[in-house]
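Tertiary structure, described
Spelled out from the first residue to the last, the chains are:
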Amino acid sequence: MEEVEALCTRLAIMVNGFVLTIKITRKTTDTNKNSSNELIKSESDEMVEERNALKEFVKTEFEGAVLKEEYYDLLTFHVPSHELKWSEIFGILENAKSRLNIED
């Protein structure tokens, strides 16, 4: 991912032909560090707080959940529970969607 950020200004992640996320990153060069057409992805304190609230929510709702990957606003968790059905997991997340600013 570091190489992608160094070489690209936009990144799309696709799975099975569907775009899951599009990221805008900062691309700088020594000669043109303040270019007006440079795309910048910056995190606000609000974004950090939202992400931390989501992590805490998942930890609380899904016993044994482990954060596997964190990249900007994309979080990937492993939920090892065999007691919950997929429909229950999605229902819990859907109910918290607007409160925790969950997209997918």
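Here the structure is shown first, and the text comes after it.
Let us look at the structure shown here. Per chain, the residues get numbers from 1 upward, laid out in the order the sequence is written. Only residues with pLDDT of at least 70 get local features here, since the model is predicted, and only at 80 or more are side-chain atom pairs given and counted; chain-wide, interface and lining totals rely on the full set of residues. Only hydrogens and water are set aside; all other atoms, that is, all heavy atoms of the structure, feed into the side-chain values.

Further remarks concern the overall build of the protein chain. Strands are runs of DSSP state E lasting at least two residues, helices are runs of H or I lasting at least four, and both sets are numbered from the N terminus onward. The number of helices and strands found in the protein chain is three helices and four strands. Contacts in the protein chain between residues at least 24 apart in sequence constitute 29% of all its contacts with a sequence separation of at least 6. Every accessible area reported is derived by Shrake-Rupley at a probe size of 1.4 Å, with residue values counting cover from the shown protein chains alone. With the model as given, the accessible surface of the protein chain reaches about 8400 Å², and the carbon-plus-sulfur share is 50%. By the convention used here, residues are in contact when the closest approach between their heavy atoms is within 4.5 Å.

It is worth spelling out the packing of helix α2 (residues 45-61) against helix α3 (residues 86-100) at this point. Orientation is described by lines fitted to C-alpha atoms, with helices fitted over the stretch in contact, and by angles between N-to-C directions that extend from 0 to 180 degrees. Where α2 meets α3, the closest approach of the two axes is 12 Å, and the angle between their N-to-C directions is 160 degrees. When the axis of α2 is compared with that of α3, the two are roughly antiparallel. You can see that α2 and α3 cross each other, and the crossing is right-handed. Contact with α2, carried on its side by Ala53, Leu54, Phe57 and Glu61, involves Ile92, Leu93, Ala96, Arg99 and Leu100 of α3 and no other residues of that element. Looking at the contact of α2 with α3 residue by residue, the class counts come to seven nonpolar, no polar and two charged. Orientation is classified from the angle alone, with under 35 degrees giving roughly parallel, over 145 giving roughly antiparallel, 65 to 115 giving roughly perpendicular, and any other angle giving oblique. By convention, the crossing between two helices is left-handed when the near helix turns anticlockwise from the far helix through less than a right angle, and right-handed when the turn is clockwise. Note that Gly is not counted as nonpolar here; it falls among the polar residues with everything else outside the nonpolar set of Ala, Val, Leu, Ile, Met, Phe, Trp, Tyr, Cys and Pro and the charged set of Asp, Glu, Lys and Arg.

This next bit is on the pairing of strand β4 (residues 74-78). The rule for pairing is simple: two strands pair if DSSP sees at least two bridges between them. Of the pairings in the sheet, the one linking strand β3 (residues 66-71) to β4 comprises five bridges and is antiparallel in character. For Glu70, the partnering residue across the bridge sits in β4 and is Leu75. Where β3 hands over to β4, the hairpin turn is made up of two residues, of which Tyr72 adopts a positive phi near 50 degrees.

Turning next to the pattern of salt bridges. Salt bridges are identified by distance alone: a Lys or Arg side-chain nitrogen within 4 Å of an Asp or Glu carboxyl oxygen. In the structure shown here, the tally under the stated rule is three salt bridges. For Glu70, the salt bridge identified is with Lys55, shortest N-O distance 2.9 Å. Here Glu70 is found in strand β3, whereas its partner Lys55 is found in helix α2, with 15 residues between them in sequence. We classify Glu70 as partly exposed; its relative accessible area is 37%. Think of it in three bands: with a 1.4 Å probe and only protein chains considered, a residue is buried below 20% of the maximum accessible area for its type, exposed above 50%, and partly exposed in between. Judged by relative accessible area, Lys55 falls into the partly exposed class, the value being 22%. Through salt bridges with shared partners, a single network forms among Arg51, Lys55 and Glu70.

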